[in-house]
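This is what each chain is made of:
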Amino acid sequence: ISMSVIIEKFTKFTFILINIFILNISLGLAQTGTVKGIVIDSHNKPISDLQVVLEPKRYGDVTDSSGYFIIKNIMPGIYILKFSHIAFEKKIIKNVKISSNEVLNLNKITLHRRVIKLNRVVVTATCTNRCVTDVSYPINVVSEESIRERNAKTTAEALREETGIFVQKTSHGGGSAIIRGLSSNQILILVDGIRLNNSTYRLGNHQYLTTIDNLDVDRIEVVRGPTSVLYGSDALGGTINVITKIPKIGSSNSGSMDVNYSLLSRYASADEEKTARAEFLLSSSKFAFLTGFSYKNYGDLRRGANSRYPQLEKSTNGLKQTPTGFKAYDFDSKLIYAITPFQTLTLAYQMAKKIDVPRYDKYENSGYFRWVYQPQNRNLVYLVYENKLQGKFINS
């Protein structure tokens with residue numbers, strides 16, 4: 001057989017195969033089905049860029065600006081139709097039957113928006129209440145829940161796990177925040193917006209934060225970085241605003257009073273801490289009154305006993321830092337009275353007393369026989385009148 005005959009027969013065979021392949025494709029297409037529809041939201045507005053998928057074959061399409069989709073060339077069978085979009089709840093339609101040479105029109109399919117509600121955080125970083133997303137300063141907000149979960153013994157210890165804040169403790173009853181390398185009288189401490197320290201206070205790490213009862217704290221707001229324009233020359237490194245608990249006025253207009261109370265106690269073995277607090281709340285549609293008393297008794301702080309490197313422990317007192325223990329009493333009371341729905345008066349009193357707080361580094365490193373902070377008391381009384389004007393130039 002000559003070469004030309006072989007080429008001719010091979011060409012005819014190839015031509016026949018191609019025709020058979022095309023015929024099969026056309027027959028297959030003729031036996032497929034189509035599904036189409038329009039996807040809208042609950043307000044009858046089209047949803048664009050929504051993914052529509054037929055499973056298990058994974059046929060799919062994406063809706064256009066009018067919410068329209070169409071999936072063609074689907075082999076006959078029973079499918080599951082899935083609709084997914086990041087802003088809407090997923091929707092699944094089961095038992096979707098696709099028949100050959102038919103177009104399944106689903107018309108309008110409604111999806112509901114998927115709303116993730118976030119808590120609105122309001123801070124006082126700019127001297128006025130603003131949403132945290134509207135403040136340009138780097139801010140730390142420590143909630144009451146975070147303080148409780150961290151098992152903080154003092155208000156200073158509640159800041160130890162915060163980004164950008166270092167808490168220095170030379171004694172068990174101390175705790176001084178260091179922000180961006182600055183501390184002591186270069187960090188302004190506020191209690192309910194009222195100054196606790198100023199630039200004339202002593203330079204050096206101090207224990208003023210521990211005079212604020214951590215069991216009466218609603219949240220702690222920290223502004224990292226210079227805020228001297230807002231708060232004065234002593235706010236070079238930042239500002240710490242400790243906001244105490246605020247009782248809520250009742251919503252009922254029946255004139256009845258709501259009475260509530262809470263009791264808390266805690267024991268810690270590392271320093272034999274014994275803490276107890278009692279709170280009492282009385283509220284009505286016109287006023288709210290909250291009062292509380294805290295008792296704290298801390299023993300000497302004990303370090304771990306199973307260190308594999310005892311040579312790193314230079315303590316002259318063995319496992320215990322002696323003396324480091326002290327006692328503390330805290331009392332707080334806050335009354336909020338609604339003069340009108342837009343005017344309120346707030347009267348508050350806070351008392352903190354810590355008895356014989358040792359500064360342990362003086363005993364350990366300097367050989368002192370006695371070095372204590374005594375007396376260490378804090379008393380605060382303030383009266384605030386607020387009028388929510390809702391005016392054009394003044395909000396409140």
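Note: the structure precedes this text.
Predicted model, so just to flag it, every value in this text is computed and none were measured. The residue numbers shown here count from 1 along each chain, following its written sequence. For this predicted model, a pLDDT threshold of at least 70 governs which residues receive local features, and a threshold of 80 or more governs which side-chain atom pairs are given and counted, while totals over whole chains, interfaces and linings are taken from all residues. Side-chain measures here rest on the full set of heavy atoms in the structure, leaving out hydrogens and waters.

A.B. asks: Teacher, can you tell me more about the overall build of the chain here?
C.D. replies: Per the convention used, a helix needs a DSSP run of H or I reaching at least four residues, while a strand needs a run of E reaching at least two, with both numbered from the N terminus. On a plain count of helices and strands, the chain comes out with four helices and 26 strands. Relative accessibility thresholds used throughout: buried, under 20% of the residue-type maximum; exposed, over 50%; partly exposed, between the two (1.4 Å probe, protein chains only). Evaluated residue by residue, the chain yields a buried proportion of 37% over its 396 residues. Expressed as a percentage of contacts within the chain between residues at least 6 apart in sequence, the contacts between residues at least 24 apart total 59%. Per-residue accessibility takes into account occlusion by the displayed protein chains alone, with areas from the Shrake-Rupley method and a 1.4 Å probe. Surface accessibility of the chain: about 23,500 Å² in total, with carbon and sulfur atoms responsible for 56%. Any two residues whose heavy atoms approach within 4.5 Å are treated as being in contact.

A.B. asks: Can you walk me through the packing of aromatic side chains in this structure?
C.D. replies: Two aromatic rings, taken as a pair, are described by how far apart their centres are and by the angle between their planes. Pairing of aromatic side chains requires ring centres within 6.5 Å, counting the rings of Phe and Tyr and the six-membered ring of Trp. Pairs whose planes differ by under 30 degrees are stacked, by over 60 edge-to-face, and all others tilted. One pass over the full model with this rule turns up seven aromatic pairs. Here, a charge over a ring means that NZ of Lys or CZ of Arg falls within 6 Å of the ring centre while also lying within 35 degrees of the ring normal. The ring of Trp 371 has Lys 362 sitting right over it, with the charged end atom 4.8 Å from the ring centre.

A.B. asks: What is the right way to look at the sheet that holds strand 6 (residues 88–98) in this model?
C.D. replies: In a beta sheet, neighbouring strands pair by backbone hydrogen bonds and run either parallel or antiparallel. The four strands lie next to each other as 3-2-5-6, forming an open sheet whose pairing is antiparallel. If you trace the sheet from one side to the other, it starts and ends with strand 3 (59–62) and strand 6, each paired once. Neighbour to neighbour, the strand axes of the sheet diverge by 15° on average, direction disregarded. Note: strand 2 (residues 51–55) against strand 5 (residues 77–85), five bridges, orientation antiparallel. Bridging across to strand 5, Leu 54 finds its partner in Leu 81. Two strands pair if DSSP finds at least two bridges between them. Helix axes use the C-alpha atoms of the stretch in contact, all axes being lines fitted to C-alpha atoms, and the angles between their N-to-C directions lie in the range 0 to 180 degrees.

A.B. asks: I'm lost on the side chain of His 172 in this one. Help?
C.D. replies: The topology assignment puts His 172 in the loop between strand 11 (165–168) and strand 12 (176–179). Filtering out sequence-adjacent residues up to four positions away, His 172 remains in contact with Lys 153, Asp 271, Tyr 298, Gly 299, Leu 301, Thr 324 and Phe 326.

A.B. asks: Explanation requested: the pairing of strand 6 in the structure shown.
C.D. replies: Remark: a regular strand shows side chains that alternate across the two faces of the sheet. The sheet contact formed by strand 5 and strand 6 spans seven bridges and is antiparallel. By the bridge assignment, Leu 81 is partnered in strand 6 with Ile 93. Between the antiparallel neighbours strand 5 and strand 6 lie two residues.

A.B. asks: So what exactly am I meant to see when it comes to the nonpolar core here?
C.D. replies: It is characteristic of soluble globular proteins that their nonpolar side chains tend to be buried jointly. Leu 159, Leu 209, Ile 212, Ile 220 and Ile 240 are the most contacted members of the largest nonpolar core, which totals 25 residues. Looking at this core, the elements with two or more residues in it are strand 11, strand 12, strand 13 (187–191), strand 15 (217–224), strand 16 (238–244) and strand 26 (376–387). When sequence neighbours within four positions are dropped, the list of residues in contact with Ile 220 reads Asn 140, Val 141, Val 142, Ile 147, Thr 155, Ala 158, Leu 159, Ile 240, Asn 241 and Val 242. Counting residues in hydrophobic clusters, the runner-up holds 18 residues, among them Ile 47, Val 52, Val 96 and Ile 109. Buried Ala, Val, Leu, Ile, Met, Phe, Trp, Tyr and Cys residues form a nonpolar core when they are joined through side-chain atoms within 4.5 Å.

A.B. asks: Help me understand the pattern of salt bridges in this model?
C.D. replies: Two side chains that carry opposite charge are able to pair once their charged atoms sit near each other. Salt bridge, as used here, is a side-chain nitrogen of Lys or Arg placed within 4 Å of a carboxyl oxygen of Asp or Glu. Throughout the structure, instances matching the rule amount to 22 salt bridges. Here Arg 160 and Glu 157 are joined by a salt bridge, their closest N and O atoms 3.7 Å apart. Residue Glu 157 is classed as buried on the basis of its relative accessible area of 8%. Asp 356 serves as the salt-bridge partner of Arg 370, at 3.6 Å between the closest nitrogen and oxygen. Placement of Arg 370 in the loop between helix 4 (360–366) and strand 25 (372–373) and of Asp 356 in the loop between strand 23 (343–355) and strand 24 (357–358) is noted, with a sequence separation of 14 residues between them. Overall, Arg 370 belongs to the exposed group, its relative accessible area being 52%. Overlapping salt bridges bring together Glu 144, Asp 213, Asp 216, Lys 245, Arg 277, Glu 279, Lys 296, Asp 330 and Asp 332 as one network.

A.B. asks: Hey, could you run me through the sheet that holds strand 19 (residues 287–298) in this one?
C.D. replies: Pairing within the open sheet is antiparallel, and its six strands lie in the order 17-18-19-22-23-26. For this open sheet the edge positions go to strand 17 (258–268) and strand 26, each flanked by a neighbour on one side alone. When strand polarity is set aside, the average angle formed by the axes of neighbouring strands in this sheet is 5°. Pairing analysis gives ten bridges linking strand 18 (residues 273–283) to strand 19, with the strands arranged antiparallel. Counted as the bridge partner of Arg 277 is Ser 294 from strand 19.

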